[in-house]
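A closer look at the structure
One-letter residues, chain by chain:
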Amino acid sequence: MSDFAHRLPLDQVRDGDRIDLAADESQRRSIVARLGLLSLDRLEAHAVLARDGHKLRATGRLKASLEQSCVATGEPVPAHLDEAFELLFVPEPKGGRADEEVELGEGDLDTVFHDGSAVDLGGAVIGTLALALGPYPRSAGADAALKEAGVMTEEEASPFAALAALKEKLGK
């Protein structure tokens, strides 16, 4: 069960159903802890469902207002997300071993397995939120803090910068 669980029984889903989700304060606190955020002031998702037998497609938008911690300074970095998503819920593959890997192609990246009776749209929205977050959030003071700590920029650390420094050292 996820922090933002919204289980939709497959036998009650009709093609064209519209679902609107909004995380309450308790759910937002739980998501903050789970994703390592500083805060989550808003999380909403709106989706239209399309059903094809045991497959369910959810197409919609995720909107969030949050703060992440700067990777260099730890300062809050505000973010406002407005992400389109398209999720395909399919039955879990039958057979195979529990430790067997399932190979997914590029078109399957937003595929979520379900147990055959219900899908957890809220859990899938949290997964979409996690993927939409900036992997290395930086505050305005991040570059100065990194420079002070002796961390080189990409340009300074490149092989070409090393060759230029060697050329300068050799006086050519």
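Everything quoted here is computed from the prediction, not taken from an experiment.

1. Describing the sheet that holds strand β5 (residues 76-91)
Taken in spatial order, the five strands line up as β2-β3-β4-β5-β6 in an open sheet, and their pairing is mixed. Here the strands that pair on one side only, and so sit at the sheet edges, are β2 (18-22) and β6 (111-114). Along the sheet, successive strands turn relative to each other by an average axial angle of 25°, direction set aside. Sheet topology note: the β2/strand β3 (residues 39-52) ladder contains five bridges and is antiparallel. In the strand pairing of β3, Asp-20 is matched with His-46. On top of the sheet, helix α1 (residues 25-35) reaches β2 and β3; it is set at about 100° to β3, its chief contact.

2. Structural notes on helix α2 (residues 121-132)
A rise of 1.5 Å per residue sets the reference length of α2, with its 12 residues, at 16 Å; its end C-alpha atoms lie 16 Å apart and thus fit the reference within 8%. What α2 keeps buried is the set Leu-121, Gly-122, Gly-123, Ala-124, Val-125, Ile-126, Thr-128 and Leu-129. Capping the start of α2 is the job of one residue whose side-chain oxygen sits 3.3 Å from the backbone nitrogen of Gly-122: Asp-120.

3. Regarding the pairing of β5
As paired elements, strand β4 (residues 55-69) and β5 share 14 bridges and run antiparallel to each other. Its bridge partner lying in β5, Leu-62 is registered against Glu-83. Remark: six residues form the turn of the hairpin made by β4 and β5, two consecutive strands paired antiparallel; Gly-74 in that turn has positive phi of roughly 80°. With four bridges joining them, β5 and β6 adopt parallel strand pairing. Its bridge partner lying in β6, Pro-91 is registered against His-114.

4. Let's talk about a nonpolar patch on the surface
On the surface, a nonpolar cluster with roughly 470 Å² of combined accessible area is contributed by Phe-160, Leu-163, Leu-166 and Leu-170. Relative to the helices and strands, Leu-170 is located in helix α5 (residues 159-170).

5. Thoughts on the packing of α1 against α2
Packing of α1 against α2 brings their axes to within 12 Å, and their N-to-C directions diverge by 50°. Compared by their axis directions, α1 and α2 come out oblique. Judged by the sense of rotation from one axis to the other, the crossing of α1 with α2 is right-handed. On α2, the residues that touch Ile-31, Arg-34 and Leu-35 of α1 are Ile-126, Leu-129 and Ala-130. Grouping the amino acids of the contact of α1 with α2 by side-chain chemistry returns five nonpolar, no polar and one charged.

6. Details of α5
End to end, α5 covers 17 Å across 12 residues, agreeing with the expected 16 Å (1.5 Å per residue, within 8%). Among the 12 residues that make up α5, zero are buried, leaving the element largely open to the surroundings. One or two residues past the end of α5 sits Gly-171, with phi positive at roughly 75°.

7. Structural notes on the confidence of the model for the chain
This prediction gives the chain a mean pLDDT of 86; 88% of its residues lie at or above 70. For the chain, helix α4 (residues 154-157) is the element with the lowest average pLDDT, namely 68, and β2 is the one with the highest, namely 97.

8. Digging into the pattern of salt bridges
For the structure on display, the rule yields seven salt bridges. Note that Arg-29 is salt-bridged to Glu-25, the shortest N-O span being 3.1 Å. Taken together, the residues span about one helical turn, with Arg-29 and Glu-25 both in helix α1 at a distance of four residues. Take Arg-29 and Glu-25: they sit in the same class, and that class is exposed. Here Glu-44 ties to Arg-42 by a salt bridge, and the two come within 3.3 Å at their closest N and O atoms.

Cut-off values and rules
- Residues numbered from 1 in each chain as written.
- Predicted model: local features only at pLDDT ≥ 70, side-chain atom pairs only at ≥ 80, totals over all residues.
- Heavy atoms only, no water.
- Pairing = 2+ DSSP bridges.
- Helix = DSSP H or I, 4+ residues; strand = E, 2+ residues; numbered from the N terminus.
- Axes fitted to C-alpha atoms, helices over the stretch in contact; angles between N-to-C directions.
- Contact = heavy atoms within 4.5 Å.
- Expected span 1.5 Å × (residues − 1).
- Buried < 20%, exposed > 50% of the residue type's maximum accessible area, 1.4 Å probe, protein only.
- Polar contact = N/O pair within 3.5 Å; in protein donor to acceptor, adjacent residues only side chain to side chain.
- Patch = residues over 30% accessible without salt bridge, like charges linked within 9 Å, V, L, I, M, F, W, Y side chains within 5 Å.
- Areas by Shrake-Rupley, 256 points an atom, 1.4 Å probe, with all protein chains shown as cover.
- Salt bridge = Lys/Arg side-chain N within 4 Å of Asp/Glu carboxyl O.
- Parallel < 35°, antiparallel > 145°, perpendicular 65-115°, else oblique.
- Left-handed = near helix turned anticlockwise from the far one by under 90°.
- Nonpolar A, V, L, I, M, F, W, Y, C, P; charged D, E, K, R; others polar.
- pLDDT = per-residue confidence, 0-100.

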